[in-house]
Amino acid sequence: MIPRRRLGSRSSACELGPINAGPTPQTNPEAHQNEHALGFTDIYGSLTPRQISIIIIGSAIGTGLMVGTGRALSMSGPAAIIISYTIVGFAVYLVLCALGEVGSWLPKPYTVADQAFRFCDPALGFSLGWIFWLKYAVVTPNQLTAAALVVSYWVDAERVNPGIWITIFLSVIVILNFIDHRLPSRVEFYVSSFKLVVMLGLMILSTVIALGGGPDQDQKGFRYWSYPGGFGTHRHRDHGLLEKFYITCSTMSSATFAYIGSERSGIAHFPNVRKATSRAIQNTFYRIMVFHLLAITLLGMIVPQGSVSVAFSNPSSHEAAASAFVAALYLAGISVLPDLLNGCILLFVLSIANYDLYLATKAMCDLAVKHRAPAFLSRTTRRGVPIYALAVCSSTATLAYLNVNQDSTVVFGYFVDMVTMLGLLTWISILITHISFVRARKAQGIPDKALAFRARFGLPGTCLALALCLFISVTIVFDSFSFDSGVRKFDVKSFIASYISIPLYISLMVGYKLAVRSKSVDPKEADLWTDKIDLGNYRGEGRTERNSL
């Protein structure tokens, strides 16, 4: 075994030694060299399993929930966002079940791109790796845009240009990422712990306000479901059903954005794979039920659509909070708390921005180590920071300066549309990889009981999730339509932001196939055994079946 080398400015980011691979020949050599490098599979560093679980659960309380729900509610009504969040939440649960089955088969954590390389198609793995990086590279300026939008509650853009706030915030997160490669994970753990406390208190307070326990003593209940209505104000009464369908589809982008990053739970590795995978899936289910569905149900009870719309039409108004939760507290007549909550949300958004920059840097380093990006991007400082990858990702984060000449709410919407499609492409790739994994397992005679974790709904559930993801991808086009004086208009910029990722995704796959002349992995020859140390009684059976095919 080669001893670990101290990482310096001239070293490769991930040289932690070779893998203990068995004598089984490798189908995709590129997919297995330096697999367990200090790249994306080490995003949690030295954190304990409990701390990692806190981060995974706390990731539900992010910009999508705290800010994105305000954008969704301003475009529709409480019933529409509940329907869209439920559909997307169910799809995410099925995606994680598929990811859990594939990930738990291997004894060590592999990225979703590595899994695609190994079980499906190297071109898919290459494209997915870059899309995965691009998702976090684009979501970082989106978080900075959201932070500037949150600050506008106190200081509107006419008084202080958002570019000033973006410069301050970007400088802070770059410095935190430069100090030590383990620092962002530590910061995210402490902030995630605080998130859970704040969110629990906020949900209790929202329930009290809905029941009339606020300073205004107004028992709101489900009043806003009647007026302006569960689907908002209808513009065309003659086409009520179609209008409701359109309104619900227009919120799919915001709903999907709220769940982006859920697949990170499949990368974490714990000693007990079966128990850890099952726990990660359960935590995701509970966070969907509690932090999303329950939270937006309460939100629809305590704040009307018109009040949230103020933030996206007249940012100079004091009640124009970027977060619908802050607007709800303000409308209930509660003093001080709206400002405190807005400050907490700003902290949450900046923490997420810091962690997203960290993830983007790790993803780019991982690409470089596996020879899917220029090698110099894997070089690190003595503290283990991939300095060149950090520089590239920090430069990408400057896209947030689009706020300087445009309204922050408009730019935020464009970033949401772009990140949403990148996330959907990631989920679709995960599902395709799972289908390929199942085909390979069946072709090589590996029984279901050999799995450490099996997807709850099996292959039919994966196919259903794939259909839902494709449906959501199509419905995002409705987000490009807007109303002006009762006239429906098409936003070309929003459409381009939503769908520009698809030709890029296809171009990466086609380009890789033409350059490397790679072929899809044959199910009978898929490498299911390299690094598969804990095979139990099924190793011999699996090898015998494979050799007989």
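What counts and how
- Residues numbered from 1 in each chain as written.
- Predicted model: local features only at pLDDT ≥ 70, side-chain atom pairs only at ≥ 80, totals over all residues.
- Heavy atoms only, no water.
- UniProt positions renumbered as here; feature names shortened; annotations may be inferred.
- Helix = DSSP H or I, 4+ residues; strand = E, 2+ residues; numbered from the N terminus.
- Buried < 20%, exposed > 50% of the residue type's maximum accessible area, 1.4 Å probe, protein only.
- Contact = heavy atoms within 4.5 Å.
- Areas by Shrake-Rupley, 256 points an atom, 1.4 Å probe, with all protein chains shown as cover.
- Phe/Tyr/Trp six-rings, centres within 6.5 Å; stacked < 30°, edge-to-face > 60°.
- pLDDT = per-residue confidence, 0-100.
- Axes fitted to C-alpha atoms, helices over the stretch in contact; angles between N-to-C directions.
- Parallel < 35°, antiparallel > 145°, perpendicular 65-115°, else oblique.
- Left-handed = near helix turned anticlockwise from the far one by under 90°.
- Nonpolar A, V, L, I, M, F, W, Y, C, P; charged D, E, K, R; others polar.
- Expected span 1.5 Å × (residues − 1).
- Arc of directions from axis to C-beta.
- Patch = residues over 30% accessible without salt bridge, like charges linked within 9 Å, V, L, I, M, F, W, Y side chains within 5 Å.
- Salt bridge = Lys/Arg side-chain N within 4 Å of Asp/Glu carboxyl O.
- Core = buried A, V, L, I, M, F, W, Y, C linked by side-chain atoms within 4.5 Å.

Per an unreviewed UniProt entry, the protein chain goes by Amino acid/polyamine transporter I and derives from Penicillium patulum. UniProt annotates the protein chain under Subcellular location (unreviewed entry) with the comment "Membrane".

### Considering the overall build of the protein chain
Helices and strands together make up the secondary structure of the protein chain, namely 20 helices and two strands. Sorting the 549 residues of the protein chain into buried and exposed places 59% on the buried side. Across the protein chain, every contact between residues at least 6 apart in sequence was considered, and the portion connecting residues at least 24 apart equals 81%. As displayed, the protein chain has an accessible area near 21,800 Å², and 62% of this comes from carbon and sulfur atoms.

### Digging into the packing of aromatic side chains
For the coordinates displayed, the defined rule picks out 21 aromatic pairs. Note on Phe245 and Phe478: the rings are 6.1 Å apart at their centroids and 85° apart in plane angle, and the pair reads as edge-to-face. In this pair, Phe245 is assigned in helix α9 (residues 240-250) and Phe478 in the loop between α17 (458-475) and β1 (481-484), connecting sequence segments 233 residues apart. Phe245 sits in the partly exposed class, given a relative accessible area of 42%. Connected via pairs of aromatic rings, a cluster forms that spans Trp105, Phe119, Phe437 and Trp529.

### As for the confidence of the model for the protein chain
Chain-level statistics for the protein chain give a pLDDT mean of 79 and a share of 79% at 70 or above. Note on residues 1-38: pLDDT under 50 across the span, and 96 contacts to partners over four residues away in sequence or across chains. Between residues 310-319, whose pLDDT stays under 50, and residues either more than four places distant or in other chains, the model counts 24 contacts.

### Topic: the packing of helix α3 (residues 78-105) against helix α10 (residues 252-259)
As a packed pair, α3 and α10 sit with axes 9 Å apart at the nearest point and diverge in direction by 40°. Here α3 lies oblique to α10, going by the angle between them. In this structure, α3 meets α10 at a crossing whose hand is right-handed. Contacts between α3 and α10 pair Ser84, Tyr85, Ile87, Val88, Gly89 and Val92 from the former with Met252, Ser254, Ala255, Thr256, Ala258 and Tyr259 from the latter. Of the residues belonging to the contact of α3 with α10, the class tally is eight nonpolar, four polar and no charged.

### What about unusual backbone geometry?
Despite not being glycine, Val336 shows a phi value in the positive range, around 70°. By the element assignment, Val336 lies in the loop between α13 (324-331) and α14 (337-369). One non-glycine residue, His371, adopts positive backbone phi at about 65°. Looking at the element boundaries, His371 is found in the loop between α14 and α15 (387-397).

### Looking at the packing of helix α4 (residues 112-119) against helix α16 (residues 408-443)
Relative orientation of the contacting elements α4 and α16 amounts to 35°, with a least axis distance of 9 Å. Where α4 crosses over α16, the handedness of that crossing is left-handed. On the side of α4, the interface is formed by Val112, Gln115, Ala116 and Phe119, while α16 contributes Ile430, Thr433, Ser436 and Phe437. Considering only residue class, the contact of α4 with α16 consists of five nonpolar, three polar and no charged.

### Examining helix α19 (residues 501-516)
The periodicity of an α-helix, 3.6 residues per turn, causes residues three or four places apart in sequence to face the same way. If you check α19, its first and last C-alpha atoms are 22 Å apart, about what 16 residues at 1.5 Å a residue would give, namely 22 Å. Those residues of α19 lying buried are Ser501, Tyr505, Leu508 and Tyr512. Around the axis of α19, the buried residues are gathered within 60° of arc, so they sit on the same side. Positive phi shows up at Arg517, right after α19, with a value of about 60°.

### Observations regarding a nonpolar patch on the surface
A cluster of nonpolar side chains, namely Phe285, Tyr286, Met289, Val290 and Leu294, defines an oily patch on the protein surface of about 440 Å² accessible area. Of the residues examined, Val290 reaches a relative accessible area of 37% and is grouped as partly exposed.

### What about the nonpolar core?
By size, the foremost hydrophobic cluster in this structure holds 134 residues, and its most contacted members are Met66, Trp133, Leu144, Met199 and Trp427. With 20 residues, helix α5 (residues 122-151) is the largest single contributor of residues to this core. Ranked by size, the runner-up nonpolar core spans 14 residues in total, among them Val102, Trp105, Ala450 and Trp529.

### Topic: the pattern of salt bridges
Summed over all chains, the structure comprises twelve salt bridges. Residue Lys513 pairs with Asp121 through a salt bridge whose shortest N-O separation is 3.0 Å. With a gap of 392 residues between them, Lys513 in helix α19 and Asp121 in the loop between α4 and α5 connect regions that are remote in the sequence. A relative accessible area of 8% places Asp121 in the buried class.

### Observations concerning the side chain of Gln115
Within the secondary structure, Gln115 sits in helix α4. With residues up to four places along the chain from it excluded, the contact list for Gln115 reads Leu99, Val102, Gly103, Tyr110, Cys120 and Thr433.

### A few points about the environment of Ala400
Here Ala400 lies in the loop between α15 and α16. By relative accessible area, Ala400 is classed as buried at 0%. With 254 residues separating them in the primary sequence, Ala400 and Ala146 have C-alpha atoms 9.5 Å apart. Not counting residues within four places of it along the chain, the set of residues in contact with Ala400 comprises Pro141, Leu144, Thr145, Ile166 and Phe415.

### A closer look at the environment of Ser436
Of note, Ser436 is situated in helix α16. Expressed as a C-alpha distance, the spacing of Ser436 and Cys120, which sit 316 residues apart in the sequence, is 5.4 Å. What Ser436 contacts, discounting residues up to four positions off in sequence, is Phe119 and Cys120.

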